[in-house]
Structures are given as structure tokens and as C-alpha cells.
Amino acid sequence: MRVLIIEDEPDLLKSLARGLRDEGYAVDSSDNGEDGLFNAQSNDYDAILMDVMLPKLDGWQILEKLRKTKKTPVLMLTARDQTKDRVRGLDSGADDYLIKPFNLEELLARLRAIIRRSANQTSNILTIGDVAVNLASRTITHNKTPIELTAREYSLVEFLALHKGEVVTRTQLYEHLFDENESSLSNLLDVHVSKIRKKLGSEFIATRRGHGYCVG
Ligand code: CA
């Protein structure tokens, strides 16, 4: 899953990016509203975390412009605990909001929830044959046995599982799993796919030559 963070407080931006990367998310970041809007419009993010008070364009303005073209789930980070701000956020098309200061665990849980909802998943468990993906705990079992995956391997399985039965192209996977600095490493994906096949069985991920990958 690839997430954009738009936040102008450098320390918060850095710690959020680190926290998300530790969970296996690919992370892009913007430290002002203009750059944030540009990134949000030019990429297909799985979610956006966005501060309200930002230089150049504020969170409301970004949301208003973004919603004309994209449905990307947005989690607003607001410093103000005022009902009218929250109502405004949700009315403008934000999917959820968190009041600063917040706890990273809670942010991660809300992030998982908005991504799951945007994929129209009501359940936290996705089943593909003998493999079960738990979106809440970000864990995987094979024949009910827990399987150790790296954070990035988990993200790849989760993305494919959320698109069960569909062919997911390599381009889509690069866009959703790797950030702008990693995208140039063209064999990264093959390395992850082959490690996952070793752990979950070679038939778990089917290769569609010239198109991409598919599970289920
Ligand atoms: Ca701010």
C-alpha cells in the first residue's frame, strides 16, 4: 500500500513516514499544500494522511480540488478539537480524522480501516484457498499455520488479496507498493514474489505473462 503524507511539521512528518514504512507501507511525502495536491493528483495512492493547517494550500482546499477527480481515502490530521472542523472535514469528503497529538497505533488502525472500506471490504479476513489474510492484525496463515512475512511481503499479498480474481499489473504493483525512490529497482517485485511463493506455495500467486499477477 502506498500512502502520501502531507504535513509541514518536519519532526512529525519524519516520524509518521518511519512508522508507516516499518509497517511495510510505501511512503511519499509533501511538506506543503501545493506539492501535496500535485502528488495526490498525479499518483494513485491507497490513502492520504493530511494535516489541515498547511502552507500554500490548506487541507480543506486540497480536499476540495482532489475530490473533483479522485476518491483516494483521506485521513485528516487536525490540531483543533472543534466539532465544526470535524463536520467540515467529513462534509468535504474526508474519510476520517484524528486530533493531534495522536497515538501511532490508532492512526495505523484508522488507516487500515479507510483502506479496507475503500476496497469495499466489510470483513477483516480475506481467504484465498488455504491462505487467510487478516487485515486488522496484518498477519497471514496458511492452513491455519501463521506464516512469517516481512512487512513488504505482507503488503504485496494484501494488495493482491484485495484484488482477488483480478490480474494486477506490474505497474500497479510498483505504484502501490514502492515509493518514488525505490521504483527504479526493476527486479524488487520479482524478489518479493519469489520469496512469497517459497512461503505460501508456488501456485499461490499466478503469473499472467505480459500482464501481471493474480491470486484466487
Ligand atoms: Ca500544520
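The rules we used
Residues numbered from 1 in each chain as written. Predicted model: local features only at pLDDT ≥ 70, side-chain atom pairs only at ≥ 80, totals over all residues. Heavy atoms only, no water. Helix = DSSP H or I, 4+ residues; strand = E, 2+ residues; numbered from the N terminus. Buried < 20%, exposed > 50% of the residue type's maximum accessible area, 1.4 Å probe, protein only. Contact = heavy atoms within 4.5 Å. 1 Å grid on protein atoms, 1.4 Å probe; cavity = no way out; pocket = protein on both sides within 12 Å on 5 of 7 lines; lining within 4 Å. Points joined across faces, edges and corners; volume = space filled by probe spheres on them. Nonpolar A, V, L, I, M, F, W, Y, C, P; charged D, E, K, R; others polar. Domains from an automatic or database assignment. Pairing = 2+ DSSP bridges. Axes fitted to C-alpha atoms, helices over the stretch in contact; angles between N-to-C directions.

Mind showing me how you'd approach the environment of Ile114 here?
Residue placement: Ile114 occurs in helix α5 (residues 104-118). When its relative accessible area of 1% is taken as the criterion, Ile114 is described as buried. For the pair Ile114 and Gly33, spaced 81 residues apart in the sequence, the C-alpha separation amounts to 22 Å. Ile114 has contacts with Ala47, Pro73, Val74, Leu75, Asp95 and Asp96, leaving out every residue within four places of it along the chain.

Quick question: what am I supposed to make of the layout of surface pockets here?
With a probe scaled to a water molecule rolled over the atoms, the places where space remains empty come into view. Space inside the largest pocket adds up to approximately 470 Å³. In this structure, the largest pocket is lined by 18 residues; those nearest its centre are Tyr45, Asp46, Pro73, Ser118 and His176. Broken down by secondary-structure element, the contributors of at least two residues to the lining of the largest pocket are α5, α6 (151-162) and α7 (170-177). In terms of residue count, the dominant contributor to the lining of the largest pocket is α7 (three residues). Residues belonging to the lining of the largest pocket are distributed by class as follows: seven nonpolar, six polar and five charged. When residues of the lining of the largest pocket are assigned to domains, at least three fall in each of domain 1 (2-118) and domain 2 (125-214). Put simply, the second largest pocket is a space of about 190 Å³.

Can you walk me through the sheet that holds strand β8 (residues 139-142) in this structure?
The strands that make up a sheet are held in pairs by hydrogen bonds between backbone atoms, and each pair lies either parallel or antiparallel. The four strands are arranged β6-β7-β8-β9 in an open sheet whose pairing can be described as antiparallel. Across the chains shown, the open sheet's two edge strands, defined by having one partner strand only, are β6 (125-128) and β9 (145-147). Taking the axes of each pair of neighbouring strands and ignoring which way they run, one obtains an average angle of 30 degrees across the sheet. Sheet analysis places β8 next to β9, joined by three bridges and oriented antiparallel.

Read these as spatial facts, not as claims about activity.
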